[in-house]
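Here's the letter readout for the chains.
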Amino acid sequence: MNNTMKILIIFGTFFILFINTSYSQNLVQKYDGINFTLPTGISMSPFNGGMDNARFQFIDIDNDGLLDLFTYDKDTSIYYYKNTGTPSVAKFNLISQHYQNLLFRNWFFFVDIDNDGDYDLFTGAEDQKVKFYRNTGTVFNPVFTLEITELHDSDNNIIFHESNNVPTFEDIDADGKKDFFSGQALGKITFYKNIGIGANFSLKFITDFWQNILIISPGLDLRHGSNSLEFTSLYGNGLKDLYWGDLFSKGIYEIRNTGTPTNPNMVIADSTYPHNQPFISAGYNSTRFYDINADGKKDLFISSLYPSQNKFNFVYYQNNGTSSSPLFQLVTTNYLNNVDVGGNSSNTFADLNGDGLKDLIIGSDYGKISYYRNSGSLNQPAFTLVTDSLVAGGIVGFDFAPTFGDVNGDGLQDLFLGSYFKDSLYYFRNTGTPTNPVFTLTARGNAIGLDSVGQDNVPCLVDIDADGDLDLFVGNSNGKIGFYKNNGTASSFNFQKITTNYLGVDFGDQSIPRFYDIDRDGDLDLFVGKRDGTITFYRNDGTPQVPNFVFVTNSFKNINVFSNSCPTFVDIDTDGDGDLFVGNIKGGLYYWENRDIVGVNNISNIIPSTTSLFQNYPNPFNPSTKIVYELRTSNFVSLKVYNVLGNEVAALVNENQTAGSYSVDLNTNDYHLSSGVYYYRLVTNGFSETKRMVLVK
């Protein structure tokens, strides 16, 4: 193993540092940082993993005058998008996919239930119960503290809410207190009136058939279904109308309030709302109304909660009417410009246009392949969607899984494509040019020695024995990996099945093999994505010619993308280390930038006599600075950055490290930091020290 040497000058003292080539890479998850251009615009948060059937709510959570966004999807965690735009032009940056580590089930709703001026939180719980989190922080820095694990009504009866429904809170009788509305699969609404006083809310059960509303699906279909409820006032009369999405309805119901502010009278007015331009989906449309562009009129947002609609599913209608006469016009079905192929994103990288840059290709459950051309540079990648149908026709299927390689020696990237149906693996020869690929279906896998590849197969081309030709590994739904050795040449492949259970390991309900030299020792290591969302890692302790895979962990870096992890390493910024892109069941990508600059030891290998934190340099700085520290003992290390209010704004190190000297680069653009004073703090094994630094933009 040949280590790479770097020379670093610190405060006039010379240190010669070795890069640590162990597998403990410094992977930092990022939700943006690489531009993605779609036909609808620049993606706001390209690495949010995609959106399927998200419950969502816009609120100004930090009291900065801008509506922030929260979503909850099938991966069962709450995502927080901060609005970093302006009142008239919103821009949402994903900050956390596990907001305050809140754990709940099925639904959430922020509401100021105790009338103290900040948002509290109600959520679903086990056994269709309701939890309550009180905001014990401030309007600027909320802290949600679990106060009630099992919500009861004023008569001390447990309040149940059917798990698949989306409830709401609204002051329906103009008494200044938010009441609770809970839908039923029977097509009715259960109503709890808030009879509390001041900060002490109390929900009194009134009826399980509020206003005698009964929603039955169109076309005399007597099925009832779950529902999503939303109250708002659009017509300038101060009355709260109800908008209802039903599981078995492809449209939206408008239920008008013809009563008074204190005594509602609800009448079904429309089942295909908005009437001038109805929204029709697979079903179960969840609506929210917000003035997102500060023009004094509420706009319409929709998410279809029907499981089969998992693409183009965050819909925005702009209100081009007046404050008393709305006129909704469809703007986009992909409001955040998500990088999202639908479901089961199977990602890989290849230079398809001969410009020396790695392009991104993603297969999907829709039976399509999306091609994102790398329109950036070697050091600063950027991606532009060229097509979502890279292969036009020829096969029918879904869960497409592409892998690329030159298997015939013509200098062009050919395509091997896995799919859902059993033994349905295909070879497409690239009959185009180096700058314009054209993929022509040439053979089915079983005609070229690739039989028994299984169902939901995922191929991966790699030269595993360093003989100059590409071998093939295939994962599938039985959790095993097949190995097909190429006994041909670089210009004429000849695959021979060696085994359908490589390593003799069952990885569960799905196996997705990927290879990358993560420890930079000259041989390929093995990573396996799985149905449970984690990644298994095997280190190659053999040679480039004769691999010997040694199990390391079933949970690489504790990464869990909920389901169907598809891990792909590529040095996308050509800084010498592999960055990680992970596909998942929601159809998008998660991204970990490899900042492999920690784990550096001084040349003498002498353990420092003390643990020390040095002053960053340069200081003041813009936009980057370097932080150096020394560890006397091996231990868990935390290095974080805080603003002047004491709020954490960046976590640079959060892992176990061995004794030695370390260096970390902080690029403030990665964390959207503005000019000002910041503090960085090192905590490890009883040691804690904080230093001041100044960012000047």
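Scroll up to find the structure.
Okay, so let's go over this structure. (Residues numbered from 1 in each chain as written. Predicted model: local features only at pLDDT ≥ 70, side-chain atom pairs only at ≥ 80, totals over all residues. Heavy atoms only, no water.)

1. Quick notes on the sheet that holds strand 44 (residues 589-594)
The condition is simple: Any two strands are treated as partners once DSSP identifies two or more bridges connecting them. We count a stretch as a helix when DSSP gives it H or I for four or more residues in a row; a strand needs E for two or more, and each element gets its number in order from the N terminus. Interaxial angle, 0 to 180 degrees, is taken between N-to-C directions of lines fitted to C-alpha atoms, where a helix line uses only the stretch in contact.
What the four strands build is an open sheet, ordered 3-44-43-42; its pairing is antiparallel. At either end of the open sheet lies a strand with only one pairing partner, and these are strand 3 (27-30) and strand 42 (566-570). Going across the sheet, the axis of each strand differs from the next one's by a mean of 25 degrees, ignoring polarity. Pairing analysis gives four bridges linking strand 43 (residues 579-583) to strand 44, with the strands arranged antiparallel. For Gly 583, the partnering residue across the bridge sits in strand 44 and is Leu 589.

2. Side note on the environment of Asp 388
The criterion, for reference: Exposure is judged per residue with a 1.4 Å probe applied to protein chains only, and the accessible area is read against the type maximum: over 50% gives exposed, under 20% gives buried, and values in between give partly exposed. Note on definitions: a residue-residue contact is assigned when non-hydrogen atoms from the two residues lie within 4.5 Å. Each polar contact in these results corresponds to two N or O atoms within 3.5 Å; when the atoms are within protein, one needs to be able to donate a hydrogen and the other to accept it, and residues that are neighboring in sequence are counted only if both atoms are side-chain atoms.
Turning to its location among the elements, Asp 388 is positioned in the loop between strand 29 (382-387) and strand 30 (401-405). Residue class for Asp 388 comes out partly exposed when judged on its relative accessible area of 26%. Taking C-alpha positions, Asp 388 is 21 Å from Tyr 591, a pair spaced 203 residues apart along the chain. If sequence neighbours within four positions are ignored, Asp 388 has contacts with Lys 311, Lys 368, Ile 369 and Ser 370. One polar contact links Asp 388 to Ser 389, side chain to side chain, over a distance of 3.3 Å.

3. A few points about the pairing of strand 29
As paired strands, strand 4 (residues 35-38) and strand 29 are joined by three bridges and run parallel to one another. For Asn 35, the partnering residue across the bridge sits in strand 29 and is Ala 382. As paired strands, strand 28 (residues 369-374) and strand 29 are joined by four bridges and run antiparallel to one another. In the sheet register, Asn 374 faces strand 29, and the bridge partner there is Phe 383.

4. Observations concerning the sheet that holds strand 23 (residues 299-304)
If you walk across this open sheet you meet the four strands as 22-23-24-25, and the pairing is antiparallel. Taken across any chain shown, the strands that pair with only one partner, and hence form the sheet edges, are strand 22 (285-290) and strand 25 (328-332). Neighbour-to-neighbour, the strand axes of the sheet open up by a mean angle of 25 degrees, direction not taken into account. Looking at chain direction, strand 23 and strand 24 (residues 315-319) are connected through three bridges and run antiparallel. Directly across from Phe 301, in strand 24, lies its bridge partner Tyr 316.

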